[in-house]
Amino acid sequence: MSERTPFEFTLSLGDDALIAAQRLAEWTTRAPEMEEDIALANIALDQLGAARLLLTYAGELEGAGRDEDALAYLRDDRQFRNCLLVELPNGDFAVTMAKLLFLSAYQLPLYTALAECADERLAAIGSKTRKESAYHLDHASLWVKRLGDGTEESHRRMQAAVDQVWPYVAELFAADPGAPVDPATLRAEFDATVAAVLTEATLTRPETGWAPAGGRDGVHTEHLSYLLAEMQVLHRAHPGAQW
Amino acid sequence: MYGNDFGAPEEASGGGLLGEVEAAEAALREAAARQRRGAPASDDDLAGFFAEVVEADQKIEPRDWMPEAYRKTLIRQIAQHAHSEIIGMQPEGNWISRAPSLKRKAILLAKVQDEAGHGLYLYAAAETLGISRDELVDLLLNGRQKYSSIFNYPTLTWADVGAIGWLVDGAAIVNQVPLCRCSYGPYARAMIRICKEESFHQRQGYEILHTLSHGTPEQKAMAQDALDRWWYPSLAMFGPPDGESTHSTQSMAWKIKRFSNDELRQRFVDMCVQQAEILGLTIPDPDLRWNDERQAYDFTQPDYDELMRVISGDGPCNRQRMAHRRQAHADGAWVREAATAYAAKRAAENKEKVAA
C-alpha cells in the first residue's frame, strides 16, 4: 500500500474507531460485572466520538458532500478502510481485552503524534482523543494483568487471546511515508508498551510469521460484512429519512 | 427507570416534574438544616423517635433504629428498583447496534450506560440497610425478587426506543418524583439524582418520536405503532388499582410512598395527552376525554389481568430477559474470580513487603 490521500488516511482512522465502537457496544448488558458494563460503554462512546469527528472531517476532505452518516451507513465493506483487528468478533472477555490492549497501545502514540502534525483539524482531534486512549490503554492493561496473573483458567484464556489476536497487529504499522503520521514510526513505542504489560501479566508473545492484512485496501475478513449489515439495516431501509 | 408494576415537547414533557424534583431537593436541604431531636432518649424511646422523625418530614438515616418491617419494605423496593435499571438496559440495548444515525447511537449508548449507573447507585443505597449487592443479585437471578414488568415487552422497532423514553421513563419519573421525599434519606437522595437524569432520558425519547412523527409516512406509522403497543403497558407500570394494592397503606404511613397508584396513573395520563397532540400521534383509547368535573381525563384502564400474567412470569420476554442476565453473570464468573485472585496475590505481596 502506498501514498494514501489525506481523505483515505483520515477515513481509515475514523473507520478503526467506528468499528471498534460497534464491537465494544455489543458488550452492553453482557459484561462480567456491572462496573465493567459502564467502563466498556465509556470506551465505546469515546471511540464513537472520535469516529464522528474523523468521518466528518474525512467527508470534508473528500468534498463530495458525504457527512458522517453517509460514510458510516452507505458504504459497503469493500469501501471500509479499518484494520482487521477491530472487526474481529469480541470472543470472550480475554479476547476483547487483548484487542483493546493492542488497539489502544497503537492509538495512543498515533493520536499523540497527530496532535503535533501540520493539519490543524487532525491535530485538534488527536489532542482530544489521546487522553481517552491513555485511559483505554490503562483499562486494558489492568485487565490483561489481572487475567494473565489471576487464576489458572484466566491465564489460559488470556494467553489464548493474545495468541489469537497478535498476528493482526502487524497491519497497524504498515509504512505510509506520505501520511501526516507514518504508522511505521509508532512501532517501537507500541512494542515497549505491550511487552511491559505482557511480562507483568506472565504472558508471552507468540512467534508467528502470519500477518493478515488488507483492511486498509478494503479487503476484510468475513466478519465485517455481517457487522455492517446489522449496523446499517435501519438507516438503509429508509433512504433519505431524517432521524 | 422503574414503575410500581411488580408484584414536552421540550417543556411540556416533564418540565413541571423536574421542578418538583428541585423542590424536593430544597426540602431535603431544609430538613437537614432543621435540627432533628438529637437521638432517642432511651431504648424505650426508639419507636417514638422513629415516628417523630417521619412525622416531622425529617430523614431516617442508616445508623438510626427503624422497625424491621420498614427496613424490609425498603430493601424490597430499592432492590426491585435497582433490578429494574439493570434489566431495563436490555430492551433499549437491543437497538444500540442498529441505531439509525451515529448521533442517535451515541445518545442511546450513553442512556443505557446511565441505567447501569442508576442500578449501581441503588444497590449501594440498599446496602445501607444491611444487605449486600451480591445477595441482591442472587435474589434477582433466582427469581425471588422482581423487576418492573414493563421490561418484559419487546422492542420491535426503532420507534420503541422513543416510546420507552417518552412513556416508560415518563411513567417512571411520575412514580419517582414523590420518592424524592421518601422518609429514608439514602433512597430520597438517590431518587433526586436519578430523576434528574431520567428527565433527560424522557426528553430524548420524546424527541425521537417527534422526529419520526414529522418524518416520512413510514416513520410516522412506526411511531404510532410503538405508541399503540406501549400505551397500556405504561399505564400498568403504576401497579394494580388502589383497592388491590398490597403494600400501599403501610408504605404511605411510613412516608415511603406519598401518592396512590391511581393518583399517579391519572397524573401520567393528564401529562401525556397534550404531548401526544404535539406529536400528532393518537393515544389508542377511544374513551379518552376531558372530564370538566374532575378536572382530569377519563381513560380506559389497562388490562390488569395481563399485568398479573406478566408479573407472574408469562410476559412476552420474561424468560428471555432472565436468561440473558443469568448468561452474562455465568459467563463473567471466571473474570470475577480472576480479579479476586489477582487482588489477593497483590495483597499478599504487600503484606510481605511490610513484614520485610
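Conventions and cut-offs
- Residues numbered from 1 in each chain as written.
- Chains lettered and ligands numbered in written order.
- Predicted model: local features only at pLDDT ≥ 70, side-chain atom pairs only at ≥ 80, totals over all residues.
- Heavy atoms only, no water.
- Helix = DSSP H or I, 4+ residues; strand = E, 2+ residues; numbered from the N terminus.
- Contact = heavy atoms within 4.5 Å.
- Polar contact = N/O pair within 3.5 Å; in protein donor to acceptor, adjacent residues only side chain to side chain.
- Buried area = accessible area lost by both parts, 1.4 Å probe.
- Salt bridge = Lys/Arg side-chain N within 4 Å of Asp/Glu carboxyl O.
- Nonpolar A, V, L, I, M, F, W, Y, C, P; charged D, E, K, R; others polar.
- Phe/Tyr/Trp six-rings, centres within 6.5 Å; stacked < 30°, edge-to-face > 60°.
- Buried < 20%, exposed > 50% of the residue type's maximum accessible area, 1.4 Å probe, protein only.
- Lys NZ or Arg CZ within 6 Å of the ring centre and 35° of its normal.
- Core = buried A, V, L, I, M, F, W, Y, C linked by side-chain atoms within 4.5 Å.
- Axes fitted to C-alpha atoms, helices over the stretch in contact; angles between N-to-C directions.
- Left-handed = near helix turned anticlockwise from the far one by under 90°.
- Patch = residues over 30% accessible without salt bridge, like charges linked within 9 Å, V, L, I, M, F, W, Y side chains within 5 Å.
- Areas by Shrake-Rupley, 256 points an atom, 1.4 Å probe, with all protein chains shown as cover.
- Lys, Arg positive; Asp, Glu negative; His and termini not counted.
- Charge placed at Lys NZ, Arg CZ, Asp CG, Glu CD.
- pLDDT = per-residue confidence, 0-100.
- Expected span 1.5 Å × (residues − 1).

- The name that an unreviewed UniProt entry assigns to chain B is Ring-1,2-phenylacetyl-CoA epoxidase subunit PaaA, with the source organism given as Micromonospora avicenniae.

- Naming follows an unreviewed UniProt entry, where chain A appears as Ring-1,2-phenylacetyl-CoA epoxidase subunit PaaC of Micromonospora avicenniae.

## Let's talk about the environment of R321(B)
All names here are of chain B.
Consideration 1: On the secondary structure map, R321 appears in helix α12 (residues 318-331).
Consideration 2: Measuring from C-alpha to C-alpha, the distance between R321 and Q266 comes to 29 Å, with 55 residues separating the pair along the chain.
Consideration 3: Apart from the residues within four sequence positions on either side, R321 is in contact with I87, Q90, P91, Y147, F151, N152, Y153 and P154.
Consideration 4: One polar contact links the side chain of R321 to the main-chain carbonyl oxygen of F151, over a distance of 2.6 Å.

## Some points on the interface of chain B and chain A
Consideration 1: Each side of the interface is counted separately: chain B has 46 residues, and chain A has 47 residues.
Consideration 2: Buried surface at the junction of chain B and chain A, both sides included, amounts to about 4,000 Å², of which 67% is carbon and sulfur.
Consideration 3: Ranking the residues of chain B by area buried against chain A places L102(B), W334(B) and Y342(B) at the top, with a combined share of 20%.
Consideration 4: The interface formed by chain B and chain A holds three salt bridges in total.
Consideration 5: Taken together, the connections running from chain B to chain A amount to 18 residue pairs in polar contact (both at pLDDT 80 or more).
Consideration 6: Sorting the residues of the side of chain B that touches chain A by element identifies α3 (68-93), α4 (102-127), α5 (133-141), α7 (185-213), α8 (217-236), α12 and α13 (333-355) of chain B as the ones contributing at least two each.
Consideration 7: With 13 residues, α4(B) is the largest single contributor of residues to the side of chain B that touches chain A.
Consideration 8: Taken together, the residues of the side of chain B that touches chain A break down into 25 nonpolar, 10 polar and 11 charged.

## Here's the deal with the packing of aromatic side chains
Consideration 1: Scanning the entire structure with this criterion turns up 16 aromatic pairs over all chains.
Consideration 2: When the ring of F102(A) is compared with that of F190(A), the centres are 6.2 Å apart and the planes differ by 55°; the resulting orientation is tilted. On the criterion of sequence distance, the pair formed by F102(A) in helix α5 (residues 93-114) and F190(A) in helix α8 (residues 187-200) is long-range, its members being 88 residues apart.
Consideration 3: Overall, the relative accessible area of 0% leaves F102(A) in the buried class.
Consideration 4: By relative accessible area, which is 0% here, F190(A) ends up buried.
Consideration 5: When the ring of W290(B) is compared with that of Y297(B), the centres are 5.0 Å apart and the planes differ by 75°; the resulting orientation is edge-to-face.
Consideration 6: Against the face of F80(A) rests R75(A), its NZ or CZ located 4.0 Å from the ring centre.
Consideration 7: The side chain of R267(B) reaches across the aromatic face of F259(B), ending 4.5 Å from its centre.

## Section: the environment of P302(B)
Residue and element names in this part refer to chain B.
Consideration 1: Summarising the element assignment, P302 is placed in the loop between β2 (296-298) and α11 (304-314).
Consideration 2: Linking P302 and L235, residues 67 residues apart in sequence, is a C-alpha distance of 6.1 Å.
Consideration 3: Other than its neighbours up to four places away in sequence, P302 contacts Y232, L235, A236 and R265.

## Re the nonpolar core
Consideration 1: In this structure, F102(A), W158(B), Y184(B) and F268(B) are the most contacted members of the largest nonpolar core, which totals 186 residues.
Consideration 2: A total of 15 residues in this core trace back to one element, the largest contributor, which is α5(A).
Consideration 3: The contact partners of F268(B), leaving out residues within four places of it in the chain, are L167(B), G170(B), A171(B), V174(B), W231(B), S234(B), L235(B) and F238(B).

## Focus: the packing of helix α6 (residues 158-176) of chain B against α8(B)
All names here are of chain B.
Consideration 1: Packing of α6 against α8 brings their axes to within 9 Å, and their N-to-C directions diverge by 35°. Of the two possible hands of crossing, α6 and α8 adopt the one that is right-handed. Of the residues in α8, those in contact with W158, A159, D160, A163, I164, W166, L167, V168 and A171 of α6 are M222, A223, A226, L227, R229, W230, W231 and S234.
Consideration 2: When the residues that make up the contact of α6 with α8 are grouped by side-chain class, the tally is 14 nonpolar, one polar and two charged.

## Some thoughts on a negative patch on the surface
All names here are of chain B.
Consideration 1: A grouping of E127, D134, E135 and D138 is seen on the molecular surface, where their side chains present a negatively charged patch.
Consideration 2: By residue number, the principal contributor to the negative patch is α5, which donates three residues.
Consideration 3: Residue placement: D138 occurs in helix α5.
Consideration 4: You can call D138 partly exposed: its relative accessible area is 42%.

## Structural notes on the confidence of the model for chain B
Residue and element names in this part refer to chain B.
Consideration 1: On average, residues of chain B carry a pLDDT of 92, and 96% of them reach 70 or more.
Consideration 2: Between residues 8-14, whose pLDDT stays under 50, and residues either more than four places distant or in other chains, the model counts 17 contacts.
Consideration 3: Scoring of the predicted complex yields 0.95 for pTM and 0.98 for ipTM.

## Some thoughts on unusual backbone geometry
Residues and elements named next belong to chain A.
Consideration 1: With a phi angle near 75°, T29 is a residue other than glycine that sits in the positive phi range.
Consideration 2: Inspection of the secondary structure assignment puts T29 in the loop between α1 (6-25) and α2 (34-62).
Consideration 3: Of the residues examined, T29 reaches a relative accessible area of 4% and is grouped as buried.
Consideration 4: For T202, which is not glycine, the phi torsion reads 60° and is therefore positive.
Consideration 5: Mapped onto the elements of the fold, T202 is located in the loop between α8 and α9 (223-237).

## Some points on α13(B)
Consideration 1: An ideal rise of 1.5 Å per residue puts 33 Å on 23 residues; α13(B) measures up with 33 Å between its terminal C-alpha atoms.
Consideration 2: Of the residues making up α13(B), those classed as buried are W334(B), V335(B), A338(B), A339(B) and Y342(B).
Consideration 3: Looking at the packing, one finds that the buried side of α13(B) touches α5, α6 (120-148), α7 (152-165) and α8 of chain A together with α12 of chain B.

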